[in-house]
Amino acid sequence: MDWIRKRIDDYCRWLRDNTCIRKDVGTEWYAISTPFIGLFNDHIEIYVKKEGNSIILSDDGETLRNLSLAGVDFNRSEKRKEMLDSVLRTHGVALEDGELVIRCYTQDFPFKKHALVTAIMNVCDFEYLSSHKVSSLFHEDVREYLDSREITYASSINLLGASGLDYNFNFLLSGRNTDLCIKTYDIIKQDYVTSLLYCISDVQNARQHISKKKFRSLIVINDQIKEPPQRLVSVLKDNQVDVVLWSLRQEMDKMLVLN
């Protein structure tokens, strides 16, 4: 367990060292620059303001504004609006005049900041609705595959980690002695892998302690959009994360068999 705790400490140190805060001159808002990468390969920023015992967190409209520049217009498609609403509901984020917003009490700030940043990263993936004419999110393709194999699963489920943070997984399969979580990605980036490994380790520590069952993880990557960097795939596998490319999805069948 000591090596896992050290890795978690390393991740927290990396997150703290790469987070910058600045005061917005003339207002009560503060800008927080995170180490996570946004749509145009820039660092995601969120804005926070304290009002009494509560805090407002916002992306200042930047996420949907950037997607509009990339050619993704949610107002022209009911299906796209439904998909956006689904992502925002999952993370407890409201859409107010084009801004992604969360309101919370001060004691909930760590969880809500994490939720907003995660929602921004997930919404940024909608870029591929434009550039590749994708009619539905990739995880729906994976859902259909699971259904075709008559696999029983829980969908879009939040799992609590040992740190107290909760994380969203696309699917969770439960066997008598093993749980399997599945995350789907249209593309995979280095910051995704960094965050994902921490997320899996955190949840694994909590669930194995509570359920006394083995906890496995599977990542399904849509390589038909873009071939994932082999070095990132290797990092995932080296950390005991199973990886399946969508073009080789039949390889997933044996991984779905739980004892």
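Small disclaimer: the values here were computed from a predicted structure and weren't measured. (Residues numbered from 1 in each chain as written. Predicted model: local features only at pLDDT ≥ 70, side-chain atom pairs only at ≥ 80, totals over all residues. Heavy atoms only, no water.)

A. Structural view of the packing of aromatic side chains. Per the stated rule, a full pass over the model turns up eight aromatic pairs. Measuring from centroid to centroid gives 5.3 Å for Tyr153 and Phe171, while their planes differ by 85 degrees, and the two rings are edge-to-face. Remark: Phe171 occurs in strand S8 (residues 166-174) and Tyr153 occurs in the loop between helix H6 (138-148) and strand S7 (154-160); sequence separation between them is 18 residues. A residue is classified by how much of its surface remains accessible, and Phe171, at 0% relative accessible area, is buried. An aromatic cluster is built from Tyr11, Trp14, Phe36, Tyr167 and Tyr198, whose rings are joined through pairwise contacts. Note that Lys23 overlies the ring of Tyr30, its terminal NZ or CZ placed 5.4 Å from the centroid. One cation-aromatic arrangement involves Arg249 over Trp246; the distance from NZ or CZ to the ring centre is 4.4 Å. (Phe/Tyr/Trp six-rings, centres within 6.5 Å; stacked < 30°, edge-to-face > 60°. Helix = DSSP H or I, 4+ residues; strand = E, 2+ residues; numbered from the N terminus. Buried < 20%, exposed > 50% of the residue type's maximum accessible area, 1.4 Å probe, protein only. Lys NZ or Arg CZ within 6 Å of the ring centre and 35° of its normal.)

B. Structural view of the environment of Glu45. Positionally, Glu45 belongs in strand S3 (residues 43-51). Residue contacts for Glu45: discarding those within four places in its chain leaves Arg22, Ile32, Ser33 and Asp59. At 3.0 Å, the side chain of Glu45 and the side chain of Tyr47 are in polar contact. (Contact = heavy atoms within 4.5 Å. Polar contact = N/O pair within 3.5 Å; in protein donor to acceptor, adjacent residues only side chain to side chain.)

C. Representation of the nonpolar core within the structure. Ile46, Leu57, Leu67, Leu116, Val123 and Phe126 are the most contacted members of the largest nonpolar core, which has 57 residues in total. Counting residues per element, this core draws most heavily on helix H4 (residues 109-124), at eight residues. Among residues more than four places away in sequence, those in contact with Val123 are Thr63, Leu64, Leu67, Leu84, Val87, Leu88 and Leu100. Core analysis: the next-biggest nonpolar cluster, separate from the first, contains 15 residues, Leu146, Phe171, Leu173 and Trp246 among them. (Core = buried A, V, L, I, M, F, W, Y, C linked by side-chain atoms within 4.5 Å.)

D. Structural detail: the sheet that holds S7. Spatially, S7-S8-S9-S10-S11 is the arrangement adopted by the five strands of the open sheet, whose pairing is mixed. Edge positions in the sheet fall to S7 and strand S11 (242-245), since each of these pairs with one other strand and no more. Between one strand and the next, the sheet's axes are offset by a mean angle of 40 degrees, whatever the strand orientation. Relative to S8, S7 is paired through six bridges, and the arrangement is antiparallel. Looking at S8, one finds that Leu160 is bridged to Asp166. Packing of H6 onto the sheet brings it into contact with S7, S8, strand S9 (178-185) and strand S10 (214-221), and relative to S8 it is tilted by some 20 degrees. (Pairing = 2+ DSSP bridges. Axes fitted to C-alpha atoms, helices over the stretch in contact; angles between N-to-C directions.)

E. Expanded view of the sheet that holds strand S2 (residues 30-37). The strand order across the open sheet built from six strands is S1-S2-S3-S4-S6-S5, with neighbouring strands paired in antiparallel fashion. Taken across any chain shown, the strands that pair with only one partner, and hence form the sheet edges, are strand S1 (20-23) and strand S5 (94-96). Averaged over neighbouring strand pairs, the angle between their axes works out to 30 degrees when direction is ignored. Looking at chain direction, S3 and strand S4 (residues 54-58) are connected through five bridges and run antiparallel. Note that in S4 the partner of Lys49 across the bridge is Ile56.

In short, geometric facts, not functional conclusions.
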